[in-house]
Structure formats: C-alpha cells, structure tokens
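Notes for the structure review
One letter stands for each residue in the lines below.
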Amino acid sequence: MDLAHLVPSLQSGDRRSLARAITLVESARADHRAQALELLQALGSTKQALRIGLSGTPGVGKSTFIESFGLMLTGQGKRVAVLAVDPSSARSGGSILGDKTRMERLSRDPLAFIRPSPSQAQMGGVARRTREAVALCEAAGFDIILIETVGVGQSETVVAELCDLFILLLAPAGGDELQGVKRGIMEMADLILVNKADGDLKPAAMRTCADYAGALRLLRKRPQDPPGYPKAMTVSALEDAGLGLAWTEMQTLAEWRRVQGHWQTRRGQQAQHWFKEELRRGLLAVLDVEPTKGLVAAQGAAVAAGTTTPEAAARQILTLLHKL
Ligand SMILES: Nc1nc2c(ncn2[C@@H]2O[C@H](COP(=O)(O)OP(=O)(O)OP(=O)(O)O)[C@@H](O)[C@H]2O)c(=O)[nH]1
Ligand SMILES: [Mg+2]
C-alpha cells in the first residue's frame, strides 16, 4: 500500500482511504502490520472526536438508534463514523449484512462512515483493531465516533476503555428485569437510554426508566460526573423521539468533563491501559514462538511425568526469559 498517498487522502477525510486504512490495520499479515504501525505513526494524534460507546442486548434497537441518532447528527453538519465491536462467536456473519441494510439511510449519507465488525475470533484482536480504527476515524476528521457492541460481557469493557461516553441501551421490561443488567455494566454507564418508548410499550418504558434512575442513584458517586449524572431517559429510535434530548445530555456531560479535566485524564488512563494490554499480549506471544515454545513443551511434559513441579518448571522458563 502506498502510504505517501494514503496519509494525505485519509487526512482530507476521504472515506475510501479510511476504509482501506482500516482494512490494513485489520490484516493479520506481518508486512501489513508493519505498514499499519507506520501509518498510525505518520498520522500522529490529530483533533479529538467525541467517542460514544453504545451497548445493549440483541434486539434492543442499537442499529435503529444509530441510524436515527446518526442522521440527526449529520443533519447538524457533523461527520459521524460508526464502528462495531463484536466477538465473532456472538454473531452470525449474516447480521453484518443486516446492519448495513438496517442503517441504509445513514450508510448513504456523505457525512457518515459505517464499518461493520470484522470476523475475528479473539477479543484482544478485536480490541486492537477497533482502537486503531478509532484513531483512523479521528485522523480522517470525524466529529463523532459511535462504537456499537452487543452486550456480552467482555466487549463492554473493551468499549468502555475506548470511549469518552458509554451509553447503555435498554428495552422496556418488568421491574424484576433490573437484575438482568450486571452491576458492573451499570457502573460503567454514563447515560442509560430506555428505547422503544412508543405505542403500547411507552408505559413500560417509563416504568423501566424510573427503576433505573432509582438504581443509578444508589450507585457510588463517580468523580467524573456532575451532580445529577449519570441519568436514565426514555427514547424511541423508531419514532425519533428523545434523541435530541439525549444528545444534549451527552454534550453537557462531555463538556463538563472537558472543563474539569476528567476528559484528558481518562484518555491518558485509557492509553496506559492499552499500552499494558499490548505488553501483556506481546509477552504471552513469546511463549508461542521458538525457542520458548519448545522449552515450554519440554517443561510441560516433565510436569506431566512428575519429574518436576509446576512451580519449578514455570520458574525455569521465567528465568530463561529474564536472560533474553
Ligand atoms: N417499537 C420500537 N421498536 C424498535 C425501536 N428501535 C428498534 N426497534 C425494533 O427492534 C428490533 C431490533 O432492532 P435493531 O436496531 O436491529 O436492534 P439491535 O440492538 O441492533 O440488534 P442486534 O444487532 O441483533 O444486536 C427491530 O425490529 C426494530 O424495528 C423503537 O424505538 N421502538
Ligand atoms: Mg444491530
């Protein structure tokens, strides 16, 4: 790939260049990886976009919300990028296509860029790919980056470490449903949106919203929140209701954090998190290549045969690694 050409065209906001750059960072080929790192270095850190993470169980309306919300933002002249984080096991290949069709209007919008999730098995790989895709979207001058994830545990943590605002999308339900959302996820949320507050579902949505507003008040106060936050609100992605209000809340919260310094602190913490994560992955990868790989196999066999203990075998490998 011709980086000398790709860098300026990506920085000018060209969506095809952005798509090609993301394909490059997604590639597992060693020469592609080297080029990807070179590209990311060349782009450097540019202006900051507002990164919004959006999580919710399948069918809650994430795609519908992103389409309506995205169109509202592009209608205001904002450039919007949509990325997805999904462990491939949780999704069939078909839904990638489904999303593109569901976000049909947004995907045709010249101010929008939609990138469906790649089929990648490993969560660590997904995290790196999304992180780099976010950086590329920022370099391409997008104002808002929406990162969608289906709520299946680990992916939410990944998204929370990538975004400035974390939104939890919920569906109307009975009161006992509250326990269905893990406390850890609630604690990550900056805004809870109860979707489908329309038609017959509206009363249930309002009850659910009140339940969650109550639950949020019981959580420990976080330093990154002004008084009254995090909030719970109702929206209807289908009927385009409450989206403007939700956007106002997001902006208020983001602005407060910027002014108070929480925004930059958080980005710094996130960068540090990913640095350590990469380091950890790199160290573990050493175990899978020679000469360590063979030594690990030999020590493993010795442990199995009972000629050495697990502790002594591990110590031996670690001592060798220290000398490398
Ligand atoms: N009544 C109502 N239905 C909605 C609303 N938003 C989404 N839906 C419907 O809910 C269903 C699922 O919507 P999606 O947007 O595909 O949900 P999703 O969260 O993206 O689902 P996955 O991608 O499978 O995780 C569709 O039939 C939508 O039409 C809403 O605001 N009101
Ligand atoms: Mg979807």
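Once a new chain begins, its residue numbering starts again from 1 and follows that chain's sequence as written. Here chains are named by letter from A upward and ligands by number from 1 upward, in the order in which they appear as written. Totals for whole chains, interfaces and linings use every residue, but because this is a predicted model, local features are given only for residues with pLDDT of at least 70 and side-chain atom pairs only at 80 or more, for both listing and counting. Note that water and hydrogens are dropped before the side-chain values are worked out from all heavy atoms of the structure.

1. Some words on the overall build of the chain
Counting from the N terminus, the helices are the DSSP runs of H or I reaching at least four residues and the strands are the DSSP runs of E reaching at least two. Counting secondary structure elements, the chain contains 14 helices and 7 strands. The buried label goes to any residue with under 20% of its type's maximum accessible area, the exposed label to any with over 50%, and the partly exposed label to all in between, with areas taken from a 1.4 Å probe on protein chains only. Within the chain, the proportion of its 324 residues that are buried is 46%. The contact rule is simple, with two residues in contact once any of their heavy atoms fall within 4.5 Å. Looking at the chain alone, contacts between residues at least 24 apart form 76% of all its contacts between residues at least 6 apart. Note that accessible areas follow from Shrake-Rupley with a 1.4 Å probe, and for residues the cover is restricted to the protein chains shown. Looking at the chain as shown, the accessible area adds up to about 16,100 Å², and 57% of this sits on carbon and sulfur atoms.

2. Side note on the sheet that holds strand 3 (residues 112-115)
For two strands to pair, DSSP has to find at least two bridges joining them. Pairing within the open sheet is parallel, and its 7 strands lie in the order 3-2-4-1-5-6-7. Single-partner strands in this sheet number two, and they are strand 3 and strand 7 (231-234). Adjacent strand axes in the sheet meet at a mean angle of 20° when their direction is disregarded. Of the pairings in the sheet, the one linking strand 1 (residues 50-56) to strand 4 (residues 144-150) comprises 7 bridges and is parallel in character. Of the residues in strand 4, the one forming a bridge with I52 is L146. Note on geometry: axes are lines fitted to C-alpha atoms, helical ones only across the stretch in contact, with angles between N-to-C directions running from 0 to 180 degrees.

3. What to know about helix 10 (residues 202-218)
Taking 1.5 Å as the rise per residue, helix 10 with 17 residues should run 24 Å; its terminal C-alpha atoms sit 25 Å apart, in good agreement. Looking only at helix 10, the buried set comprises A204, A205, T208, C209, Y212, A213, A215 and L216. In the core, the buried residues of helix 10 are packed alongside strand 5 (165-170), helix 9 (183-188), strand 6 (191-194) and strand 7. How far a helix is expected to stretch is found by multiplying one less than its residue total by 1.5 Å.

4. Focus: the layout of surface pockets
Approximately 800 Å³ is the volume attributed to the largest pocket. Looking at the largest pocket, it is lined by 25 residues, and the ones nearest its centre are L40, R51, R131, A135 and A271. Counting only elements with at least two residues in the lining of the largest pocket, the list comes to helix 3 (30-43), helix 7 (123-139) and helix 12 (262-286). When residues in the lining of the largest pocket are grouped by element, the largest group, 7 residues, is from helix 12. Three categories are distinguished: nonpolar for Ala, Val, Leu, Ile, Met, Phe, Trp, Tyr, Cys and Pro, charged for Asp, Glu, Lys and Arg, and polar for the others, with Gly belonging to the last. Here the lining of the largest pocket is composed, by residue class, of 9 nonpolar, 7 polar and 9 charged. Any residue with an atom within 4 Å of a point lines the site, the site being either a cavity, points on a 1 Å grid over the protein atoms alone where a 1.4 Å probe fits but cannot get out, or a pocket, an open set with protein on both sides within 12 Å along at least 5 of 7 lines. Grid points are joined across faces, edges and corners, and a volume is the space filled by probe spheres set on the points.

5. A few points about a nonpolar patch on the surface
A grouping of F275, L279 and L283 is seen on the molecular surface, where their side chains present a nonpolar patch of about 330 Å² in accessible area. The topology assignment puts L283 in helix 12. What makes a patch is a set of residues exposed beyond 30% relative accessible area and free of salt bridges, joined within 9 Å when like-charged and within 5 Å when nonpolar (Val, Leu, Ile, Met, Phe, Trp, Tyr). The salt bridge definition used is simple: a Lys or Arg side-chain nitrogen within 4 Å of an Asp or Glu carboxyl oxygen.

6. With respect to the pairing of strand 2 (residues 80-85)
The element strand 2 is extensively covered by neighbouring structure, given that 6 of its 6 residues are classed as buried. Of the two faces of strand 2, the one holding V80, V82 and A84 and the one holding A81, L83 and V85 are both buried throughout. In this structure, strand 2 lies alongside strand 3, joined through 4 bridges in parallel fashion. Within strand 3, the position partnered with L83 by the bridge is R115. The pairing of strand 2 with strand 4 spans 6 bridges and is classified as parallel. By the bridge assignment, V80 is partnered in strand 4 with I144.

7. What to know about the environment of N195
Structurally, N195 can be placed in the loop between strand 6 and helix 10. Sequence separation between N195 and G242 is 47 residues, and the spatial gap between their C-alpha atoms is 9.5 Å. N195 has contacts with V60, G61, L169, L170, A171, P172, A205, V235, S236 and A237, leaving out every residue within four places of it along the chain.

8. What about the confidence of the model for the chain?
How sure the predictor is of each residue is captured by pLDDT, a score from 0 to 100. The share of residues in the chain with pLDDT of 70 or more is 89%, and the mean pLDDT across the chain is 88. Across residues 89-94, confidence stays below pLDDT 50; counting only partners more than four residues off in sequence or on other chains, it has 5 contacts.

9. A word on the side chain of R51
Along the chain, the position of R51 falls in strand 1. Relative accessible area serves as the criterion here: at 14%, R51 is assigned to the buried category. Any N or O atom pair separated by 3.5 Å or less is treated as a polar contact, with the protein-specific requirement of one donor-capable and one acceptor-capable atom, and with residues adjacent in sequence counted only for side-chain atom pairs. A distance of 3.1 Å separates the side chain of R51 from the side chain of E138, its partner in a polar contact. One polar contact links the side chain of R51 to the main-chain carbonyl oxygen of L162, over a distance of 3.5 Å. Excluding residues within four positions of it along the chain, R51 makes contact with V134, E138, I145, L162, C163, D164, L165, R267 and Q270.

10. Structural notes on the packing of aromatic side chains
Each Phe, Tyr or Trp ring (for Trp, its six-membered ring) is paired with any other whose centre lies within 6.5 Å, and the angle between the two planes then decides the class: stacked below 30 degrees, edge-to-face above 60, tilted in between. In total, this model carries 3 aromatic pairs according to the counting rule given. The interplanar angle of 15° and the centroid separation of 5.0 Å between the aromatic rings of F65 and F69 together place this pair among those described as stacked. Note that F65 and F69 are positioned in helix 4 (residues 62-75) at a spacing of 4 residues, about one turn of the helix. Looking at F65, the relative accessible area reads 2%, which means it is buried. By relative accessible area, which is 0% here, F69 ends up buried. Measuring from ring centre to ring centre gives 5.9 Å for F69 and W247, while their planes differ by 80°; the resulting arrangement is edge-to-face.

11. Focus: the pattern of salt bridges
A side chain with one charge can pair with a side chain of the opposite charge if their charged atoms come near. Taken as a whole and judged by the stated rule, the model has 19 salt bridges. Here E249 ties to K231 by a salt bridge, and the two come within 3.1 Å at their closest N and O atoms. Of this pair, E249 sits in helix 11 (residues 243-260) while K231 sits in strand 7, and the two are 18 residues apart along the sequence. On the accessibility criterion, E249 (15% relative accessible area) is buried. For K231, a relative accessible area of 27% corresponds to the partly exposed category. As a salt-bridge pair, E278 and R281 come within 4.0 Å of each other at their nearest N and O atoms. Note that E278 and R281 are positioned in helix 12 at a spacing of 3 residues, about one turn of the helix.

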